[in-house]
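Structural overview for review
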Amino acid sequence: MGKDELRQLLDDVKNNKVEVGEALNILKDLPYEDLGFAMLDHHRALRKGFPEVVFCQGKTVDQVARIFDALCGGRRSILGTRATKEAFAAVQGVYPDAVYHELSRTIVVHRGEPPVKKGNILLMSAGTADIPVAEEAAVTAEIMGNHVERAYDVGVAGIHRLLDKLDLIRWADVIIVVAGMEGALASVVGGLADQPIIAVPTSVGYGASFNGLAALLCMLNSCATGMSVVNIDNGFGAAAMANAITRMIEQKVGAALMEVEESNSPSGTGLRDIKRANV
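Residues numbered from 1 in each chain as written. Predicted model: local features only at pLDDT ≥ 70, side-chain atom pairs only at ≥ 80, totals over all residues. Heavy atoms only, no water.

**A look at the overall build of the protein chain**
Each helix and strand counted, the protein chain has 12 helices and 11 strands in total. By residue count, 43% of the 279 residues in the protein chain fall in the buried class. For the protein chain, the share of sequence-separated contacts (at least 6 apart) that also reach a separation of at least 24 residues comes to 65%. Of the roughly 14600 Å² of accessible surface on the protein chain, 55% is carried by carbon and sulfur atoms. (Helix = DSSP H or I, 4+ residues; strand = E, 2+ residues; numbered from the N terminus. Buried < 20%, exposed > 50% of the residue type's maximum accessible area, 1.4 Å probe, protein only. Contact = heavy atoms within 4.5 Å. Areas by Shrake-Rupley, 256 points an atom, 1.4 Å probe, with all protein chains shown as cover.)

Here it is as structure tokens:
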């Protein structure tokens, strides 16, 4: 259950639109629900700003469908990663409007109003072969409520392609760089940008790349500052971190605007309390 859902429920109880017993029934699955094979964290949206994401790999198609069925109640959009077409077909049997992004292997069920866009995230890939991981990050960042732009196949083998993207680099609040082989693109972007860089090594490459280990070590040993590194092929993890940054920016900007409005109010007092009551 997200903040908007909880706020609406409390308002409905206050306005006698929902009985107290019905509200208690709705809240009974907080903080988690036991399906026998999975313990669903219904409280995560309140803590993290987005519901629990379904990692579909290793689960049966029936388990995936049942998890989606339990998570998609209310107005929460739900994301599944590492999903097969078979898993998507099972989810679609429960939610016909489910969407499958084949390149990123993600399932999305949209519920409620589209989120207000809160941050600018740029996805960059060194090569075309890195795009599936980049798309996992892009889909994740978008459903979490961010503006996403893409700059793909701009690796260091043709550095002029990257330099043509300087305007996009300056536009972004956070940059996610996805690269296999030796993973050098993240260091180059890190030397050009003053924003946080999240580097994602991929398992793309020949034998000595060791399924992404070479790129991972290159990124971890980068001399570029302001760069963090996630696990190999972990586009989702990069997007989740980027979203945490843009969410923090949104909260800080909101607090700053509140301070400005309060200082400009005739009395100088009370406005913050009113705003907090409406949050």
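**Observations concerning the sheet that holds strand 6 (residues 106–109)**
Overall, mixed pairing links the 4 strands, which are arranged 3-4-6-5 in an open sheet. Taken across any chain shown, the strands that pair with only one partner, and hence form the sheet edges, are strand 3 (54–55) and strand 5 (99–101). Note: strand 4 (residues 78–81) against strand 6, 3 bridges, orientation antiparallel. Residue pairing in the sheet places Ile78 in a bridge with Val109 of strand 6. Those strands touched by helix 4 (residues 61–71) are strand 3, strand 4 and strand 6, and its axis lies near 160° from that of strand 4. (Pairing = 2+ DSSP bridges. Axes fitted to C-alpha atoms, helices over the stretch in contact; angles between N-to-C directions.)

**Points about helix 9 (residues 185–192)**
What helix 9 keeps buried is the set Leu185, Ala186, Val189 and Gly190. Down the axis of helix 9, the buried set is contained in an arc of 135°. They therefore lie on one face. (Arc of directions from axis to C-beta.)

**Notes on the nonpolar core**
Within the largest apolar cluster, 20 residues are counted, with the highest numbers of intra-cluster contacts made by Val54, Phe68, Val91, Ile107 and Val109. Those elements that place two or more of their residues in this core are helix 4, helix 5 (85–94) and strand 6. Of the residues forming this core, the biggest block, 5 residues, is contributed by helix 4. If near-sequence neighbours (up to four positions away) are discounted, Ile107 is found in contact with Phe68, Ile78, Leu79, Gly80, Ala83, Ala87, Phe88, Val91, Ala98, Val99 and Tyr100. Core analysis: the next-biggest nonpolar cluster, separate from the first, contains 19 residues, Ala172, Leu185, Ala186 and Val189 among them. (Core = buried A, V, L, I, M, F, W, Y, C linked by side-chain atoms within 4.5 Å.)

**Description of the pattern of salt bridges**
Once their charged atoms are close, side chains differing in charge can pair, the charge on each being opposite to the other. Taken as a whole, this structure holds 6 salt bridges when the rule is applied. Among the salt bridges present, the one from Glu136 reaches Arg82, with a minimum N-O distance of 3.7 Å. Highlighted residues: Glu136 in helix 6 (residues 131–143) and Arg82 in the loop between strand 4 and helix 5, separated in sequence by 54 residues. Residue classification places Glu136 among the buried residues on the basis of a relative accessible area of 5%. For Arg161, the salt bridge is made with Asp153, and the minimal N-O distance between the two is 3.4 Å. (Salt bridge = Lys/Arg side-chain N within 4 Å of Asp/Glu carboxyl O.)

**Brief notes about the pairing of strand 7 (residues 120–125)**
For strand 7, the tally of buried residues reaches 6 of 6 residues, placing the bulk of the element in the interior. The alternating pattern of strand 7 places Asn120, Leu122 and Met124 and Ile121, Leu123 and Ser125 on opposite faces, both of which are buried. Sheet topology places strand 7 next to strand 8 (residues 147–151); 5 bridges connect them, and they run parallel. Within the sheet, the bridge partner assigned to Leu122 lies in strand 8 and is Glu149. Following the backbone out of strand 7, through helix 6 and into the adjacent parallel strand 8, one traces a crossover that is right-handed. Pairing of strand 7 with strand 9 (residues 174–179) involves 5 bridges; the strand directions are parallel. Residue pairing in the sheet places Leu122 in a bridge with Ile175 of strand 9. (Right-handed = clockwise from strand over helix to strand, strands pointing away.)

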